Amino acid sequence: MLTAVILMIICSTADLSEVRLVDGDGPCSGIPEVLHQGQWRKLSNNYIEYSTIGLLCRELNCGDVVSATFRSDFRDKHGDQSLTDLDCEGKSALSECKKRRSFIQPDYLNISVTVRCSDSVRLVDGAGLCSGRVEVKSHQSWTSVCEADFDQQDAEVVCRELDCGTPLTLQGALFGEGKHSFGTKEFQCKGTEDRLLTCSTSDKEEHTCTHGKAVSLTCSGPDDVRLVGGSSRCAGTLEMFHSGVWRGVTADRWSMKEAAVVCRQLGCGSAVKSTMSVSGGDESGWGFHIACFGSESAVKECTMLYSSKIRFPVGVVCSDSVRLADGAALCSGSVEVKSHQSWTSVCDTGFDRQDAEVVCRELGCGSPLTLQGALFGEGKHPFWTKDFQCKGTEKSLLTCSTSESQEQTCTPGKAVGLTCSEPDEMRLVEGNSRCAGTVEMFYNGQWRKVVADVWNIHKVAMVCGQLDCGSALAATKKKSDGDVPEVGVLIFCSERKMKKCHPMRIQRVEYLAGVICSELLSQPTISVSTPIRESRSLQRPEIFNGHSFTITCSTQPQYPGGSFHLTLPGTGGRDSQAAVSHSASFLFPTADDSHQGNYSCVYENQVSFQTDAFQEESQKYSNNWSPGPFIYNFSSESEPLSLIVTDLSEVRLVDGDGRCSGIPEVLQEEEWRKLSNYHIEYSTIGLLCRELNCGDVVSATFRSDFRDKHGDQSLTDLDCEGKSALSECKKHRSFIQPDYLNISVMVSCSDSVRLVDGAGRCSGRLEVKSHQSWTSVCEADFDQQDAEVVCREMDCGTPLTLQGALFGEEEHPFGTNQFQCEGSENRLLTCSTSDKEEHTCTSGSAVELTCSGPDDVRLVGGSSRCAGTLEMFHSGVWRGVTADRWSMKEAAVVCRQLGCEPAVKSTMSVSGGDESGWGFHIACKGSESAVKECTVLYSSKIRFPVGVVCSDSVRLVDGAGRCSGRLEVKSHQSWKTVCEADFDWQDAEGVCRELSCGAPQILQEPVFGEGEHPFETKEFQCKDTENHLLTCSTSDRKKQNCTPGKAVHLTCSEPDGMRLVEGNSRCAGTVERFYNGQWRKVVADVWNIVTAASVCRELDCGSALAATKTKTGRDEPEVGVLIFCGWTNRIKCRPPRIRQIDYLAGVICSEFLAQPTISVSTPIRVSRSLQGPEVFRGYSFTITCSTQPQYPGGSFHLQLPWNNRSDSQAAVSHSASFLFPTANESHQENYSCVYENQVSFQTDAFQEESQKYSNNWSPGPFIYNFSSESEPLSLVITDFSWTPFITRMLLVPFLMLITCSFIFLIFRKCGHFFISGAGQKKAAAAVPRESIQLVSL
């Protein structure tokens, strides 16, 4: 009784399951049924979804799916039944799936799906159905299998049982350690069995399997897909092996996602296209649809749908030589090439744009969009060993020429990634216009005709809009004339969403859909030509007065015939001509002012379209169609052509508010070209203004909207250096830099007033334009208010001096008007004037005017107006200046304009703000009086804002450079000369230091002139430690007796160009370069052992042992300098530009250790003889080796004079002493000290000489054994003698007494000559004052 109860409980528990397999040969095979609404219903019979079937098998504790097949005898055996759908997307258990009643389709009433699960073995946690950790069912629970109990024969049986092909890899812990206990049996399969549990087994005496030993297996996958009837195994009609029969796949719902999975399973690279044909055989045989996501590894993982007919057999063409892997779509990924039947990655250094175009074309994609390394990962395969050399026109990559890579340097991260554009979705073909013809849609990798089954004027309107062809004129239908049935595509056009047409399904073509849009004719073009070829200017083309010109109308050769109508300016009249060779020319013999204005060309033509039927807009509601052909009168008008009639000239200003303002253009090679757009060179623009008889330059500013308004144009550079007229300048075509395509220079000339023959553009003799000629102005007719207006009009500040004949006598006659300005006007010619009754102005009375100059430069954020960040006032805005091309020449001009000379240094920082705001570069010669006279260059970014520090208290003037000249000191806001009697060598050192120069070299009598300023009344008393001269102590002189010719003249040395810091040796450390008045670190961006060798050579430090790179430890960004070093001794390293520091460049040279010293000592002091130090025979002596305290440790080796022996000692306090107790003959000859030490240098990376060609770097630290040898010490061994000793002790003091007495007598007689001579030459001797006094004694 109890047994029966237990059995009932077990059976009732089993009945609680909501899924079962029936009509099979066991609980793990059969037709799946689902309990839904209290009724067992068959799972939907029209498709197989492997993910859902897999959940079903696991729900039944039956492992994983082995097979799922269609059967076509269900209704015959079981009658009609209800069906249920399971929605299991994203679910991990069958209980989570949603159930719903399924619609029974008539074609599928007799169809069922039969499932077989692996009820005894499964692969879990793998990449797909055919890979994972092996688990075997034992006593209704799953157990792991130890790798020691499982071999290749066992693996063959498992792969066969799971319908997964043959074993590929067999190893432990590949897919995790396993969640179950290990089985106690060892399998002994022969390899021919169909199921694992039918193999023989043996019990294991001891269970020794540990974690990580669970066997993992990867099978090759099912061999159930093939392509037949093609040129290779990678192209042909698709077939699938199902229930022992190869069956076809229909293309009704086919896409490139499914094609990609097929190619992936076959190992054939990327899917290129799908071919589809109309079935030529019996359509009654059933087959499949397939629905894939595109990421599956095999077709078996996709959803398979039953198809009762194969109407459109699908074919697939794979690229078996090239593919794009791991991308987001079919047309993107890492480029891989098949070589010797295996895939290889391609290095980005061996692949260029032309190669990319071929790959995109071969894969049926559009043109390349992006091409870069590591875009889709680092690459899983070894690299291809050839460099492709495609021309860009080849159809497949492997037909391109290749060259062997001499050296394989491709590293991980260099696998080339490519993204091609998707091809156009729609096009019109078989017509003479892009806006008329038969409609084609790109579908499944190839262009297919659109069928006209549901075609009408509504869809045509959508097609015309999608192709940007205007409105729809007619929809057309044309009978397909192909002998072979053709597959086309039926499209759906949405008027609500995106207003685009999409492919709906494929269909056999009977009638072709066509379209005729309103923008059928191409827009005609209009152009003008003259005997001198003219191009478009910024405003309009120019023709010259009195010259003939021709206007030509032309159009593309679409349709024959037609006519052109030229619309004329003024009255709007028209001139007409028939089109000949698709163009017409209209000649105008003599140009005059009436020809100025707008012209346009209108092209008209009647076109007939051959079609079977057409539908127009008026028929859209009736759905009627008219028989062809369709005839329509088309017209199209060109863009307007605006002409201007001018006199012949080689320079002009356009797009301004008059002939003396605008964008400058130069006539070169019979074409008007814009003057180079990225810099303003005032000397050249001054010549241009004078050439146009427009006076001088008032302003030249940058504008940043040129390209937006006028498009791209050619540029011309003018080289006018040293020229006095624009006609003397050399013209050459300019390179258009991308940053400057939208930039133009806007020039404004003073067309009514100018200053000539002065020291700059803001000083000179005043001239005024009257009746198109220049006249001088009489000083009697001109006062201070008039001068204020002129300086304001010239953008030159305020008047400084106003007098006659300062800049020579006038060249032009005097004007007859007297100016009566109030001083507030902006232009002189707007002032009131009065006629003079009598012209009484004589030669020498022309007005000469000097203005203060532009107030357009300032230094902000510094300690005074003479220090700070540089800004320039431009078009109403203060803009920054970038230090990219900055030098001390530009800094000198800034300081000169601000009255703060000289320039001491330039500070540069990394921009902390927005770099998008544009500013300037400046290029000066250094002699200009204001920045406005330099060349000003446009800069799209202010990456390194430049600052200037001027010395507003001391300067050197009239010298050969900034570190030499006559000394002047500012006192009470005026400059004063310094008297040589008040200035000594310590004072000179302070001045050189303040001006960022080297040490004083020459301090002597006038070589730079006598000075223009009064002498300073103070005497300087510097202590040699001050940084500024005015911080030195001074004393008032009781009597001022400094005469002309006594002004101090000082020459300081230029600072060293290179040094090594942060090391314990002058020949090792971080490299610094003196640049723009201060020391700057050298950045390691292009640093290597070759450059390091040049640095060692320049510093006289021997050869380079290592170049080093160290990460900068600063929190704030710092500006460094990038240096370039030549290969020869004659070329020194120079700084080409600045850059933000990331890594610091360092160098370790061979002359790293200082040379040790060697000395000898004995109990009796011995002086050096002519041969060497003397040591007495029989006495002891000590030789001491020592070196500078650079690094701790090390050892000394004393080289002895006999038998090349040496004696060694460890260095103690950087020295070692070697004692010799008794001197004899063997101790005579040469000794030397060799110091050795192993030094470790802390650095992030270093490069040695052996790495210079590979450009490899080793991680730090750098360790090296250094040695350095002293000069030789030569000893002489002699006998001790008392006679020489006594002679020296008596004779030497006696001779010294006689010498001192003689000097004392001479000084008493002639002492005043010594004192004055020493005073005059103390600076030239370049020795301290104390030394000169000692000589005087």
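Residues numbered from 1 in each chain as written. Predicted model: local features only at pLDDT ≥ 70, side-chain atom pairs only at ≥ 80, totals over all residues. Heavy atoms only, no water.

When you go through the chain residue by residue, the secondary structure sums to 15 helices and 94 strands. In the chain, buried positions account for 48% of the 1337 residues. Expressed as a percentage of contacts within the chain between residues at least 6 apart in sequence, the contacts between residues at least 24 apart total 69%. Looking at the chain as shown, the accessible area adds up to about 66,700 Å², and 49% of this sits on carbon and sulfur atoms. (Helix = DSSP H or I, 4+ residues; strand = E, 2+ residues; numbered from the N terminus. Buried < 20%, exposed > 50% of the residue type's maximum accessible area, 1.4 Å probe, protein only. Contact = heavy atoms within 4.5 Å. Areas by Shrake-Rupley, 256 points an atom, 1.4 Å probe, with all protein chains shown as cover.)

The next subject is the state of the cysteines. Taken as a whole and judged by the stated rule, the model has 25 disulfides. The side chain of C720 participates in a disulfide bridge whose partner is C729; the two sulfur atoms lie 2.1 Å from each other. Since a negative S-S torsion denotes a left-handed disulfide, the C720-C729 link at about 120° is right-handed. With respect to burial, C720 and C729 carry one shared label: buried. The partner cysteine of C1067 in its disulfide is C1101, sulfur to sulfur 2.1 Å. (Disulfide = S-S within 2.5 Å.)

Time to look at helix α7 (residues 457-466). Turning to α7, its buried residues are I457, K459, V460, M462, V463 and C464. The inward-facing, buried residues of α7 abut β30 (426-433), β33 (472-479), β34 (487-493), β35 (501-508), β36 (511-517) and β44 (613-615). Among the residues of α7, the N-terminal cap falls to N456, whose side-chain oxygen and the backbone nitrogen of H458 are separated by 3.0 Å. Note on α7: the residue one or two positions beyond its end, D468, has a positive phi of about 55°. (Polar contact = N/O pair within 3.5 Å; in protein donor to acceptor, adjacent residues only side chain to side chain.)

The predicted coordinates should not be examined in detail at positions where pLDDT is low. Scored by pLDDT, the chain comes out at a mean of 77, with 81% of its residues at no less than 70. Segment residues 1-15: pLDDT under 50, and zero contacts once partners within four positions in sequence are set aside and those in other chains are kept. Low pLDDT, under 50, characterises residues 1313-1337; the stretch is placed with 17 contacts to residues that sit more than four places away or in other chains. (pLDDT = per-residue confidence, 0-100.)

We now examine the sheet that holds strand β86 (residues 1181-1186). The three strands are arranged β84-β86-β89 in an open sheet whose pairing can be described as antiparallel. Two strands in the sheet have a free side with no partner beyond their single neighbour: β84 (1157-1161) and β89 (1215-1220). In this sheet, neighbouring strand axes are inclined to one another by 20° on average, regardless of whether the strands run parallel or antiparallel. One ladder, built from five bridges, connects β84 with β86; its direction is antiparallel. Within β86, the position partnered with S1161 by the bridge is T1182. (Pairing = 2+ DSSP bridges. Axes fitted to C-alpha atoms, helices over the stretch in contact; angles between N-to-C directions.)

Another point: unusual backbone geometry. Outside of glycine, negative phi angles account for most residues, and trans bonds account for most peptide bonds. A cis amide bond links G628 with the next residue in sequence, P629, at an omega value of 5°. Tracing the sequence through the fold places P629 in the loop between β45 (626-627) and β46 (630-637). Even without glycine at this site, D1100 takes up a positive phi of about 55°. As for its placement among the helices and strands, D1100 is situated in the loop between α13 (1089-1098) and β80 (1104-1111). Taking relative accessible area as the criterion, D1100 reaches 64% and is therefore assigned exposed. The phi dihedral of S1213 is positive, around 55°, even though this residue is not glycine. Its location among the elements puts S1213 in the loop between β88 (1206-1210) and β89.

Turning our attention to the sheet that holds strand β37 (residues 525-529). Here we have three strands laid out as an open sheet, ordered β37-β39-β42, and antiparallel in their pairing. With one partner strand each, in any of the chains shown, β37 and β42 (583-588) form the two edges of the open sheet. Averaged over all pairs of adjacent strands, the angle between strand axes in this sheet comes to 20°, irrespective of strand direction. Of the strand pairs in this sheet, strand β39 (residues 549-554) and β42 are connected by six bridges, and their pairing is antiparallel. Pairing of F549 across the sheet is with F588, part of β42.

Of all 10 residues in helix α2 (residues 50-59), seven are buried; the element is thus mostly enclosed. Looking one or two residues beyond α2, the residue adopting positive phi is N61, at roughly 60°.

So, about the pattern of salt bridges. Per the stated rule, a full pass over the model turns up 25 salt bridges. Among the ionic pairs, E1072 bridges to R1059, the shortest N-O distance being 2.8 Å. One end of the pair, E1072, is in strand β78 (residues 1068-1075); the other, R1059, is in strand β77 (residues 1058-1065), and 13 residues separate them in sequence. A relative accessible area of 33% means that R1059 is categorised as partly exposed. One continuous salt-bridge network, built from bridges that share partners, spans R122, D125, R133 and E135. (Salt bridge = Lys/Arg side-chain N within 4 Å of Asp/Glu carboxyl O.)

Glancing now at the pairing of strand β63 (residues 857-864). When β63 meets strand β64 (residues 867-874), the two strands line up antiparallel, connected through six bridges. Looking at β64, one finds that V860 is bridged to T869. In textbook terms, the turn of a hairpin is the stretch between consecutive antiparallel strands, and for β63 and β64 this stretch comprises two residues.

Turning next to the pairing of strand β40 (residues 563-567). Here five bridges tie β40 to strand β41 (residues 574-578), and the two strands are oriented antiparallel to one another. In the strand pairing of β41, L566 is matched with D575. The hairpin turn running from β40 into β41, its antiparallel successor, is six residues long, and G570 in that turn takes a positive phi close to 85°. Direction of pairing for β40 relative to strand β43 (residues 597-609): antiparallel, over a ladder of five bridges. Counterpart to T567 in the pairing with β43 is S600.

Our focus in this paragraph is the packing of aromatic side chains. Applying the stated criterion to the full structure yields 23 aromatic pairs. Of the aromatic side chains, those joined through ring pairs into one cluster are Y559, F609, F614, F630, Y632 and F634. Looking at R226, its charged tip hangs above the ring of W246, at a distance of 4.0 Å from the centre. (Phe/Tyr/Trp six-rings, centres within 6.5 Å; stacked < 30°, edge-to-face > 60°. Lys NZ or Arg CZ within 6 Å of the ring centre and 35° of its normal.)

Mapping E336 onto the fold places it in strand β24 (residues 332-339). Under the relative-accessibility criterion, E336 is labelled buried at 3%. Here the alpha-carbon distance between E336 and A325, two residues 11 residues apart in the chain, equals 7.1 Å. Polar side-chain contacts of E336 include one of 2.8 Å to the side chain of R323.

Turning to the nonpolar core, a few remarks are in order. Of all hydrophobic cores here, the largest spans 75 residues; its most connected members are L238, W254, I290 and W455. The leading source of residues in this core is helix α5 (residues 256-266), at six residues. When residues no more than four places from it in sequence are discounted, the contact partners of L238 are V225, R226, L227, R247, G248, V249, W254, V262, I290, V314 and G315. In this structure, W918, F944, A1084 and A1107 belong to the second largest nonpolar core, which totals 74 residues. (Core = buried A, V, L, I, M, F, W, Y, C linked by side-chain atoms within 4.5 Å.)

A surface patch of nonpolar side chains, about 380 Å² in accessible area, is lined by L1291, F1294, L1295 and I1298. Its location among the elements puts F1294 in helix α14 (residues 1282-1321). Taking the relative accessible area as the measure of exposure, F1294 reaches 49% and is therefore partly exposed. (Patch = residues over 30% accessible without salt bridge, like charges linked within 9 Å, V, L, I, M, F, W, Y side chains within 5 Å.)

Time to look at the environment of G1260. Note on placement: G1260 falls in the loop between β92 (1258-1259) and β93 (1262-1269). Overall, G1260 belongs to the partly exposed group, its relative accessible area being 29%. The spatial distance from the C-alpha of G1260 to the C-alpha of S1240 is 9.3 Å, given a sequence separation of 20 residues. Apart from residues no more than four positions distant in its own chain, G1260 is found in contact with T1243, D1244, A1245 and F1246.

Along the chain, C895 falls in helix α11 (residues 888-897). As for C895 and A930, which are separated by 35 residues in sequence, their C-alpha atoms are 9.0 Å apart. Filtering out sequence-adjacent residues up to four positions away, C895 remains in contact with C900, E901, P902, A903, V948 and C950.

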